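# Remarks on the overall topology
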Amino acid sequence: MARGRFITLEGIEGAGKSTVAAQLCERLRSRGVAVHATREPGGTPLAERIRALVLDRGDESIAPEAEVLLMFAARRLHVDNLIRPALERGEWVLCDRFTDATRAYQGAGRGVASGLIESLAQAVHADVEPDLTLFLDVPVALGLSRAAARRGTTDRFETEGHAFFERVRSRYLEIARETRVVRIDATEPLAAVVSAAIAAVESRWPT
Ligand code: Z5A
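Residues numbered from 1 in each chain as written. Predicted model: local features only at pLDDT ≥ 70, side-chain atom pairs only at ≥ 80, totals over all residues. Heavy atoms only, no water.

### Structural notes on the site of the ligand
Among the 28 residues in the neighbourhood of the ligand, the closest are listed as Lys17, Ser18, Thr19, Thr102 and Arg150. Within the contact set of the ligand, an oxygen atom lies 2.9 Å away from a backbone nitrogen or oxygen of Gly14. Contact distances for the ligand include 2.4 Å between an oxygen atom and a side-chain N or O atom of Ser18. When isolated, the ligand has an accessible area of 1100 Å², and the protein chains bury 84% of it. Put simply, the ligand lies in the largest pocket. Those elements that provide at least two residues to the shell around the ligand are helix H1 (17-30), helix H2 (45-55), helix H3 (64-88), helix H4 (99-109), helix H6 (140-150) and helix H8 (190-204). Broken down by element, the shell around the ligand gets its largest block of residues, four residues, from H4. Its residues assigned to classes, the shell around the ligand comprises 13 nonpolar, six polar and nine charged. (Near = heavy atom within 4 Å. Polar contact = N/O pair within 3.5 Å; in protein donor to acceptor, adjacent residues only side chain to side chain. Areas by Shrake-Rupley, 256 points an atom, 1.4 Å probe, with all protein chains shown as cover. 1 Å grid on protein atoms, 1.4 Å probe; cavity = no way out; pocket = protein on both sides within 12 Å on 5 of 7 lines; lining within 4 Å. Sits in = over half its atoms within 2 Å of the grid points. Helix = DSSP H or I, 4+ residues; strand = E, 2+ residues; numbered from the N terminus. Nonpolar A, V, L, I, M, F, W, Y, C, P; charged D, E, K, R; others polar.)

Here it is, written out as structure tokens:
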């Protein structure tokens, strides 16, 4: 049986990842593709518990390296218990964020050494890398204003300022030079962004 496809969505907050993921998932299912829509940190019951720990704005500080370790602990659970088994069954996985988010947020945002991040990526998911990454790109001010308009509670990342998100976006723009990544202009109306995401997938894997 052919291995399924692993597609990730990346971008700063408010870029539209969750909204686009839901519509792309619907489209793939309508083509008869068995697809799991999932997210990071999280995606399995235990990994969702790590998500709650790492996003919670408690009083205790979390050092950047501890944050990286929590992200990769959640990722290992997610890869072992959901992503790899699904891909091996020939199913597709559509994941809202993956290791590029660690490179951008903990690497560029928090200043964690890229050597540590790449070593952990190798140890945690050497055999599971995205086949395609859709990078939804918006200027920081637009992303933050969309997120603020929709926001309920504020998590540990949403308290960061513009300079943090500028570093994160710059790193994403560097990552977008890799051939597996398609940059999508997410300042466009939602319908156009969804169409671009669908076109990126269907041009690679036509039905
Ligand atoms: N994180 C990390 O630091 N390191 C890691 O390794 C990983 C994650 C895996 C997860 O929080 C946090 O974890 C994240 C990075 C960190 N924090 N930040 N920032 P999350 O999952 O809760 O947050 P998020 O990933 O940033 O999601 P988000 O804020 O919900 O953004 P989004 O999914 O990209 O946006 P959306 O919810 O689809 O859209 C936001 C609003 O804009 C909504 O009202 C939409 O209707 C609207 N929207 C979307 N697209 C459009 C367009 N094109 N036009 C107009 N309006 C639009």
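Further notes follow.
### So, the packing of aromatic side chains
Tallied over the full model, the rule gives eight aromatic pairs. Note on Tyr105 and Phe164: the rings are 6.0 Å apart at their centroids and 55 degrees apart in plane angle, and the pair reads as tilted. Taken together, the positions of Tyr105 in helix H4 and Phe164 in helix H7 (residues 162-175) put the pair 59 residues apart, joining distant regions of the chain. Side by side, Tyr105 and Phe164 carry an identical accessibility label, which is buried. Where Phe164 meets Phe165, the ring centres are 5.3 Å apart and the plane angle is 85 degrees; that geometry is what we call edge-to-face. (Phe/Tyr/Trp six-rings, centres within 6.5 Å; stacked < 30°, edge-to-face > 60°. Buried < 20%, exposed > 50% of the residue type's maximum accessible area, 1.4 Å probe, protein only.)

### Let's talk about the sheet that holds strand S4 (residues 132-137)
Across the sheet, which stays open at both edges, the five strands sit in the order S2-S3-S1-S4-S5 with parallel pairing between neighbours. Either end of the sheet is taken by a strand with one partner, and the two such strands are strand S2 (35-39) and strand S5 (181-185). Averaged over all pairs of adjacent strands, the angle between strand axes in this sheet comes to 20 degrees, irrespective of strand direction. Inspection of the sheet shows strand S1 (residues 6-10) paired to S4 by four bridges, in the parallel sense. Bridging across to S4, Leu9 finds its partner in Leu134. (Pairing = 2+ DSSP bridges. Axes fitted to C-alpha atoms, helices over the stretch in contact; angles between N-to-C directions.)

### A word on the layout of surface pockets
By rolling a water-sized probe across the atoms, one finds the places where empty space is left. When its volume is computed, the largest pocket comes out at roughly 670 Å³. As for the largest pocket, its lining consists of 28 residues, and the residues nearest its centre are Glu13, Lys17, Arg51, Asp96 and Arg97. Of all elements in the fold, only H1, H2, H3, H4 and H6 reach the threshold of two or more residues within the lining of the largest pocket. For the lining of the largest pocket, the leading source of residues is H4, giving four residues. Residue composition of the lining of the largest pocket, grouped by class: ten nonpolar, six polar and twelve charged. (Points joined across faces, edges and corners; volume = space filled by probe spheres on them.)

None of this, on its own, says anything about what the molecule does.
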